[in-house]
Amino acid sequence: MAAVGPSGSGAASCVTKVELKVSCENLMDMDTFSKSDPLCVLFMNTSGPHWCEIGRTEKIMNCLNPTFAKTFVIDYYFEVVQKLKFEVYDIDSESYNLKDADFLGELECTLGQIVSSRKLTRPLVMKDKTPAGKGTIAIYAEERTDNRVVNFDVCARKLDKKDFFGKSDPFLEFYKQTETGWQLAHRTEVVKNNLNPVWRPFRIPLQSLCGGDVEKSIKVECYDYNNSGSHDFIGSFQTTICQIQQSSQTYAAEFECINSKKKEKKKGYKNSGVIIIKQCKIEKEYTFLDYIMGGCQINFTIAIDFTASNGDPRTPRSLHYISPQGYNEYLAAIWAVGMVIQDYDSDKMFPAFGFGAQIPPTWQVCHEFPINFNPSNPFCAGIEGVVSAYQQCLPQVKLYGPTNFAPIINHAAHFGRQAMQQSTASQYFVLLIITDGVITDMEETRSAIVSASRLPLSIIIVGVGGADFSAMEFLDSDDGLLRSPTGESAMRDIVQFVPFRQFQNAGTAALSQSVLAELPDQVASFFRFFELKPPSESSPS
């Protein structure tokens, strides 16, 4: 889930969280031998032509009428017109790169329109505003007023065998009862070729599952997954959270999975298997704001690219050239991004490093040197201190290379590793890398990021200049988790890439929203995963 709102808005007094669920019907079929594999991407307009990606649903294989399980959570500001754009793509490549995907249509609307409709259904259109076939999109809005979640641990035994040449490939769907029928709240992963599956533990917001009412009926359906997109129904049951909790007090709650059609036809039919709920635990879910207000310290480290690909700082064409007016893109990026992040840094003391330059007195290439040349105290007082240190450092170093990101990432990860000893959510680290985008140690950087994904660390990369930033976009794995060269997958996405030139003239609010778009969820989800509470317990918002 992505949680985000317009930064710098004066409407903070009238903000509420809204959960958006998305479904589509009659999507265009772009695949020759199968159906489209749709995924929905949500963008928010930051200013003018600038759109910031908020999040993505899961991809659903071979389906022209998808109901997405993954939802979007957005801060709704009553006084602000929040423009949204939902884009639907057919994803055929493993990279999930939208440039390689077939476009299936989009909808532009405002959050206010969705909220006032509760359910907004509109036709999808192409980029030129012509109809996207007969495709439609429906968005359901619900105010998030309950911050409790239900943690589930579920398995099954003796499920019906549905596949001719093998066992079933089961998955579960959990449904909430609404006035208009059953609404999908969660879909588990598929467990391949197993009649006694054990699903990974998962959590569902209590409001999404039963509206916060533990006595309200929920429905669980079990299916056998088929690549064709036409899944075989195994069976279902209805219960309540209260019933599950009472039944699971001693060992586990067991529910017979019933296929009503099979029951009618088959004499002596007992069930189509048993679903076993080993854990059903309700917990408070802390938000980013709960962690910050509860005493979590956000520690920012700044790293600046001093490699030769930036150009000779003495010539006006260089990204490091400081104009007579005292301007260059690095300075502009430090000021603009720094003013955003310093509000979240408690002591406003920023360790600032350079990489890729030859430094005095030995003129050895260094990939992590303090720009104030004080290794024992690399801290700069406020963003003004970082700017001053940068200006003084620039004429004292020789821009060189190669452009290695891994050393500075590993440097930040060292502090994140130390913080893993914490018993509460007291420390989180953010590494801000400002670079021209050329990178030479991609394999080492991928390994460093995958390793760091298990630590309380996020990485924000701000690209200056107009170079090819495809390597940076690859590291910002919005379209699937990054993998190391050995195939190890990141535990979570910790990289956010922002091309500075796109936001240079868009205003601070647009830049700050893009820079910090993913950070709140990265912080909160990390601490939730390790079950760490805010240092000072206060009632969650």
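Preceding this section is the structure that the text describes.
Before going into details, it helps to say that this report is about the structure given with it. (Residues numbered from 1 in each chain as written. Predicted model: local features only at pLDDT ≥ 70, side-chain atom pairs only at ≥ 80, totals over all residues. Heavy atoms only, no water.)

### Thoughts on the overall build of the chain
Put simply, the test is: Numbered from the N terminus, helices here are DSSP runs of H or I no shorter than four residues, and strands are runs of E no shorter than two. All radius of gyration figures rest on C-alpha atoms, and the globule criterion is 2.2 Å times the number of residues raised to 0.38. Residue exposure (1.4 Å probe, protein chains only): buried if accessible area is under 20% of the type maximum, exposed if over 50%, otherwise partly exposed. Contacts were defined at the residue level, with two residues in contact if any of their heavy atoms lie within 4.5 Å. We get accessible surface area from the Shrake-Rupley algorithm with a probe of 1.4 Å; when it comes to residues, only the shown protein chains can shield them.
A tally of helices and strands in the chain yields 13 helices and 27 strands. Compactness check: the chain gives a C-alpha radius of gyration of 25 Å against a globular reference of 24 Å for 541 residues, within 12% of the reference. With respect to the three principal axes, the spread of C-alpha positions in the chain is 90 × 55 × 50 Å. Relative to its 541 residues, the chain shows a buried fraction of 54%. For the chain, contacts bridging at least 24 residues in sequence account for 72% of all contacts bridging at least 6. Counting only carbon and sulfur atoms, one obtains 51% of the accessible surface of the chain, whose full area is about 24300 Å².

### Remarks on the layout of surface pockets
The gaps of empty space that remain are located by a probe, the size of a water molecule, rolled over the atoms. What counts is decided by this rule: Definitions used for this entry: grid spacing 1 Å over protein atoms alone; cavity, a set of points where a 1.4 Å probe fits but cannot get out; pocket, an open set with protein on both sides within 12 Å along at least 5 of 7 lines; lining residue, one with an atom within 4 Å of a point. Grid points are joined across faces, edges and corners, and a volume is the space filled by probe spheres set on the points. Gly is placed with the polar residues, together with every amino acid not listed as nonpolar (Ala, Val, Leu, Ile, Met, Phe, Trp, Tyr, Cys and Pro) or charged (Asp, Glu, Lys and Arg).
Approximately 260 Å³ is the volume attributed to the second largest pocket. In terms of lining, the second largest pocket is formed by 17 residues, of which the most central are Thr-301, Pro-351, Phe-379, Phe-415 and Phe-429. Contributing elements (two or more residues each) for the lining of the second largest pocket: β18 (297-305), β19 (349-355), α8 (406-419) and β25 (427-435). The class makeup of the residues in the lining of the second largest pocket is 12 nonpolar, three polar and two charged.

### Comments concerning the environment of Phe-350
When you line up the elements, Phe-350 lands in strand β19. The sequence separation of Phe-350 and Asn-299 amounts to 51 residues, and the corresponding C-alpha distance is 7.9 Å. The contact partners of Phe-350, leaving out residues within four places of it in the chain, are Phe-300, Ile-302, Gln-342, Asp-345, Pro-378, Phe-379, Cys-380, Gly-382, Ile-383 and Val-386.

### What about the environment of Ala-452?
With respect to the helices and strands, the residue Ala-452 is situated in helix α9 (residues 442-452). Between the C-alpha atom of Ala-452 and that of Arg-492, which follows or precedes it by 40 residues, the distance is 9.5 Å.

### A short note on the pairing of strand β3 (residues 38-47)
This is how it is decided: By the convention used here, strands pair only if DSSP detects at least 2 bridges between them.
Counting buried positions over the 10 residues of β3 gives 10, a clear majority of the element. As judged from the seven bridges shared by β3 and strand β6 (residues 83-90), these two strands associate in the antiparallel manner. Looking across to β6, one finds that Cys-40 is bridged to Val-88. Relative to strand β4 (residues 50-56), β3 runs antiparallel, the two being bridged by six bridges. In the sheet register, Met-44 faces β4, and the bridge partner there is Cys-52.

### Focus on the packing of aromatic side chains
Put simply, the test is: Any two rings among Phe, Tyr and Trp, with Trp reduced to its six-membered ring, count as a pair given centres within 6.5 Å; such a pair is stacked if its planes are under 30 degrees apart, edge-to-face if over 60, and tilted if neither.
Inspection of the entire model under this criterion finds 21 aromatic pairs. Each ring, one from Phe-171 and one from Tyr-225, has its centre 6.5 Å from the other, and the planes form 70°; the classification is edge-to-face. Taken together, the residues Phe-171 in strand β11 (residues 170-178) and Tyr-225 in the loop between β14 (217-224) and β15 (232-240) connect sequence positions 54 residues apart. Among the aromatic residues, ring-to-ring pairing joins Tyr-286, Tyr-291, Tyr-428, Phe-526, Phe-527, Phe-529 and Phe-530 into one connected group.

### Remarks on unusual backbone geometry
The amide bond that connects Pro-360 to the next residue, Pro-361, takes the cis arrangement and shows omega of 0°. Note the cis peptide between Gly-401 and Pro-402, where omega equals 0°. Looking at where Pro-402 falls in the secondary structure, it is placed in the loop between β24 (398-399) and α8. You will see that Arg-118, though not glycine, has its phi angle at about 65°, which is positive.

### Section: the sheet that holds strand β21 (residues 364-366)
The strand order β21-β20-β24 describes an open sheet built from three strands, whose pairing is antiparallel. The open sheet is flanked by β21 and β24, the only strands paired with a single partner. Two strands pair when backbone bridges link them, and strand β20 (residues 357-359) and β21 are joined in this way by three bridges, in the antiparallel orientation. Directly across from Gln-358, in β21, lies its bridge partner Val-365.

### As for the nonpolar core
Cut-off, in case you're wondering: In plain words, nonpolar cores are sets of buried Ala, Val, Leu, Ile, Met, Phe, Trp, Tyr and Cys residues tied together by side-chain atoms within 4.5 Å.
Membership of the largest hydrophobic core comes to 56 residues, with the highest contact counts inside it found for Phe-306, Ile-371, Tyr-390, Tyr-428 and Phe-527. Of all the elements, helix α6 (residues 329-341) adds the most residues to this core, at eight residues. Formed by 30 residues, the second largest nonpolar core is a distinct cluster that contains Leu-42, Val-88, Cys-109 and Leu-120.

### Points about α8
Here is the rule: Here a helix's expected span is defined as the number of its residues, less one, multiplied by 1.5 Å.
The terminal C-alpha atoms of α8, which comprises 14 residues, lie 20 Å apart, in line with the 20 Å expected from a rise of 1.5 Å per residue. Within the span of α8, buried status applies to Ala-406, Ile-408, Ile-409, His-411, Ala-412, Ala-413, Gly-416 and Ala-419. Buried-residue contacts for α8 involve β18, β19, β25, α9 and β26 (457-463).

### What about α6?
Cut-off, in case you're wondering: Distance and chemistry together define a polar contact, namely a pair of N or O atoms within 3.5 Å, with one atom able to donate a hydrogen and the other to accept it when in protein, and with adjacent residues in sequence counting only for side-chain atoms on both sides.
Between its terminal C-alpha atoms α6 stretches 18 Å, which fits the 18 Å expected from 13 residues at 1.5 Å a residue. Residues of α6 that are buried: Glu-329, Tyr-330, Leu-331, Ala-332, Ala-333, Ile-334, Val-337, Gly-338, Val-340 and Ile-341. The N-cap residue of α6 is Asn-328: its side-chain oxygen and the backbone nitrogen of Tyr-330 are 3.0 Å apart.

### Description of the sheet that holds β14
Two modes of strand pairing occur in sheets, parallel and antiparallel, and in both the strands are linked by backbone hydrogen bonds. Put simply, the rule reads: Comment: axis = line fitted to C-alpha atoms, over the contacting stretch for helices; angle = value between 0 and 180 degrees taken between N-to-C directions.
An order of β12-β11-β14-β15 is seen for the four strands of this open sheet, with the pairing classed as antiparallel. Looking at which strands have only one partner, the edges of the open sheet turn out to be β12 (181-187) and β15. Adjacent strand axes in the sheet meet at a mean angle of 30°, parallel and antiparallel pairs treated alike. Here β11 pairs with β12 via six bridges, running antiparallel. Bridge pairing links Tyr-175 to Leu-184 in β12.

### Quick word on the environment of Ile-241
Summarising the element assignment, Ile-241 is placed in helix α3 (residues 241-247). Of the residues examined, Ile-241 reaches a relative accessible area of 0% and is grouped as buried. Taking the C-alpha atoms as reference points, Ile-241 and Ile-434, separated by 193 residues in sequence, lie 49 Å from one another. Excluding residues within four positions of it along the chain, Ile-241 makes contact with Phe-152, Leu-206, Leu-209, Cys-210, Val-214, Ile-218, Cys-280 and Ile-282.

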